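Structural overview
Chain residues, written in single-letter form:
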Amino acid sequence: MYCNVADGARNRIRRYSKSQFPLCSDLLLRRVRKERTMSKAGAFDLASGLGGKIDRTEVLSAVEKYEKYHVFYGGEEEERKANYTDMVNKYYDLVTSFYEFGWGESFHFAARWKGESLKESIKRHEHFLALQLGLKPGHKVLDVGCGIGGPLREIARFSSTSVTGLNNNEYQITRGKELNRIAGVEKTCDFVKADFMKMPFSDNTFDAVYAIEATCHAPDAYGCYKEIYRVLKPGQCFAAYEWCMTDAFDPNNPEHQKIKAEIEIGDGLPDIRMTRQCLEALKQAGFEVIWEKDLVIDSPVPWYLPLDKNHFSLSSFRLTALGRFFTRNMVKALEFVGFAPRGSQRVQDFLEKAAEGLVEGGRKEIFTPMYFFLARKPLSDSR
């Protein structure tokens, strides 16, 4: 059926692409032929997966509802926080196939050395967490906000541990289980569908907990960290990379506020906390902070380079300006012929807005995606 749909769409794509995008029509058609033989990361799979568990006839409506949560459409921070579950679920239903198409299985940035590929830096970023936590064979580990499980599979294999991924999005869990099976790690890696503000685990369950650019979706850092504290065994550690505004951010600067709003709408965030707010919330939750640092500071290669329109890389082509141009036109063509649901272009648009905000936030040093901390739950928990 997949190939039949693709074959049926080719002529319509040719007519559409030649009339609307004459300079890229041949490239588009060659790419379509190639994508027919590709795995889940292919462009047709991007289109067919768009919307996640949302019925394809309701994708446009979901996009409109999601957009209304945000500043550019008159949305308010308190409304986003009050409805964070609906907002974040809609976001990940809409964008997960785009993320996997562009980034692979691990949806996060990384500090990067010169000469190191994006893929290599992402793996090293994950290994760093495992080493900081002192993971050992037999440890029971929790990944808070695990996405489709790229990091948990890598960390489980690297450290010979069992990792549970906590996620409140059904589509991502379904996809993650499929990838676990393909990778052969279904016996050591699993998923639990739940809200990280109300975890369905007993007290003192895990030997280690980590979060990679995920708890930024929480409406309240203290409430989230307190739940993590509860399920972590005494004497054990929690490590995370947080998305934060830095001390260089000026809330009275309109340009800074615009950048912040672009990141929020493009990344499903109710708000973006300051680094010091995360630190205060950790301590308030009861953690002893072993060390904390914005790892952006020591990165030889700018973390935002993959999204910079002035940067070109064959290894991460889909993230470049040319790659994103191709993706945008491909999605437009596939939506036009009915293969992708209505609203697909709108999703691409707010992801583009996010990329612009992230690059500008990085250049101006007002935003970081890797405020790192390592914190311990005291052996004698008096709480």
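Now for a description of the structure that goes with this document. (Residues numbered from 1 in each chain as written. Predicted model: local features only at pLDDT ≥ 70, side-chain atom pairs only at ≥ 80, totals over all residues. Heavy atoms only, no water.)

Regarding the environment of Leu 319
Cut-off, in case you're wondering: We count a stretch as a helix when DSSP gives it H or I for four or more residues in a row; a strand needs E for two or more, and each element gets its number in order from the N terminus. Any pair of residues with heavy atoms lying within 4.5 Å of one another is described as a contacting pair.
Looking at the element boundaries, Leu 319 is found in the loop between strand 6 (288-294) and helix 13 (321-336). With 217 residues separating them along the chain, Leu 319 and Gly 102 place their C-alpha atoms 5.9 Å apart. Ignoring any residue separated from it by four or fewer positions in sequence, one finds Leu 319 in contact with Gly 102, Trp 103, Leu 118, Pro 306, Leu 307 and Arg 324.

Quick notes on the pairing of strand 5 (residues 232-245)
For the record, the criterion: To sort residues, take the accessible area from a 1.4 Å probe on protein chains only and compare it with the maximum for the residue type: under 20% means buried, over 50% means exposed, and anything in between is partly exposed. Any two strands between which DSSP finds at least two bridges are classified as paired. Assignment of crossover handedness uses the view with strands pointing away from the viewer, where a clockwise path from the first strand over the helix to the second indicates a right-handed crossover.
Most of strand 5 sits out of view: 10 of its 14 residues are buried. One ladder, built from 6 bridges, connects strand 4 (residues 206-212) with strand 5; its direction is parallel. Pairing of Val 209 across the sheet is with Phe 238, part of strand 5. Running through helix 10 (residues 221-231), the crossover from strand 4 to the neighbouring parallel element strand 5 is right-handed. The pairing of strand 5 with strand 7 (residues 367-376) spans 8 bridges and is antiparallel. Bridging across to strand 7, Tyr 241 finds its partner in Phe 372.

Things to note about the sheet that holds strand 3 (residues 189-193)
Where we set the bar: In this analysis, axes come from line fits to C-alpha atoms, helices being fitted only over the stretch in contact, and the angle between any two N-to-C directions falls in the range 0 to 180 degrees.
Spatially, 7 strands are ordered 3-2-1-4-5-7-6 in an open sheet, and the strand pairing comes out mixed. Every interior strand has two partners, whereas the edge strands, strand 3 and strand 6, have only one. Looking at each pair of strands side by side, their axes are set apart by 20° on average, direction ignored. Packing against the sheet, helix 10 makes contact with strand 1 (140-144), strand 4, strand 5 and strand 7, and its axis sits at approximately 155° to strand 5.

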